[in-house]
Amino acid sequence: MHEHEKALDYITALNQLLDEWKVTVLFPNDSVRILCFKMGEEELDTRMIREPTDRTHLAYAMAYHSDYFLTSDRNLIRYRIPSSLEEIGFSKPTCLPLEEFRNDMFMKVRDVSYAWDHRYILESQRCEVNHPDECPEFMQSLKPRPSGRGS
């Protein structure tokens, strides 16, 4: 981008996108260093010894306590972190291919939506039959709130 004639425009646009997407930039810390080293010397599951890039990406995910690590690399998905890392409190995030992650997220959204709809129906019926004087407050509490930018 720096070499392009519109470098400033491109860099500004990229920064705006990162901000809009709520992207967090992570920097190496001591945990990343320790994780990379330990995964590189592991003798039981040797998948990471020859994979410094994968090892670094996974180390960042573990150091910053990511819930998920998206990858299409089946070896990385099956990789077991050294027990020495588990003993000092590190754990591997759930590793999934993008498609599987997307399906999992859709299922969670569907489940939350179903639970909300089900609660709404049950509470509406209870309110109308048993407590008509409480209905307005309850019904108001169930109304969806306006979402903020990026929600």
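Residues numbered from 1 in each chain as written. Predicted model: local features only at pLDDT ≥ 70, side-chain atom pairs only at ≥ 80, totals over all residues. Heavy atoms only, no water.

**Q** What is the right way to look at the confidence of the model for the chain in this model?
**A** Reading predicted coordinates in detail is not appropriate for stretches of low pLDDT. For the chain, the average pLDDT comes to 80, and 72% of its residues sit at 70 or higher. Per-residue pLDDT, averaged within each element of the chain, yields its smallest value for helix α7 (residues 135-142) (56) and its largest for strand β2 (residues 94-96) (94). (pLDDT = per-residue confidence, 0-100. Helix = DSSP H or I, 4+ residues; strand = E, 2+ residues; numbered from the N terminus.)

**Q** I keep staring at the packing of aromatic side chains and nothing clicks. Help me out?
**A** Both the distance between ring centres and the angle between the ring planes are used here to describe each pair of aromatic rings. What the rule picks out here adds up to two aromatic pairs. On the numbers, 6.3 Å between centres and 10° between planes, the contact of Tyr 60 with Tyr 64 is stacked. Taking the relative accessible area as the measure of exposure, Tyr 60 reaches 19% and is therefore buried. (Phe/Tyr/Trp six-rings, centres within 6.5 Å; stacked < 30°, edge-to-face > 60°. Buried < 20%, exposed > 50% of the residue type's maximum accessible area, 1.4 Å probe, protein only.)

**Q** Hey, could you run me through the packing of helix α2 (residues 30-41) against helix α3 (residues 52-63) in this one?
**A** Helix-helix packing is described using two parameters, namely the angle between the two axes and the distance between the axes. Where α2 contacts α3, the two axes come as close as 8 Å, and the packing angle between them is 130°. The angle between α2 and α3 falls in the class oblique. Between α2 and α3 lies a crossing of right-handed hand. Of the residues in α3, those in contact with Ser 31, Val 32, Leu 35, Cys 36, Met 39 and Gly 40 of α2 are Arg 55, Thr 56, Leu 58, Ala 59, Tyr 60, Met 62 and Ala 63. Looking at the contact of α2 with α3 residue by residue, the classes come out as nine nonpolar, three polar and one charged. (Axes fitted to C-alpha atoms, helices over the stretch in contact; angles between N-to-C directions. Parallel < 35°, antiparallel > 145°, perpendicular 65-115°, else oblique. Left-handed = near helix turned anticlockwise from the far one by under 90°. Contact = heavy atoms within 4.5 Å. Nonpolar A, V, L, I, M, F, W, Y, C, P; charged D, E, K, R; others polar.)

**Q** Would you explain a nonpolar patch on the surface in this entry?
**A** The grouping of Leu 17, Trp 21, Val 23, Val 25, Leu 26, Phe 27 and Tyr 64 at the surface amounts to a nonpolar patch, some 680 Å² of accessible area in total. Checked against the element boundaries, Leu 17 lands in helix α1 (residues 7-20). (Patch = residues over 30% accessible without salt bridge, like charges linked within 9 Å, V, L, I, M, F, W, Y side chains within 5 Å. Areas by Shrake-Rupley, 256 points an atom, 1.4 Å probe, with all protein chains shown as cover. Salt bridge = Lys/Arg side-chain N within 4 Å of Asp/Glu carboxyl O.)

**Q** Whenever I open this one, the environment of Tyr 68 confuses me. Can you help?
**A** Of note, Tyr 68 is situated in strand β1 (residues 68-70). If near-sequence neighbours (up to four positions away) are discounted, Tyr 68 is found in contact with Pro 93, Thr 94, Leu 96, Phe 101, Met 105 and Lys 108.

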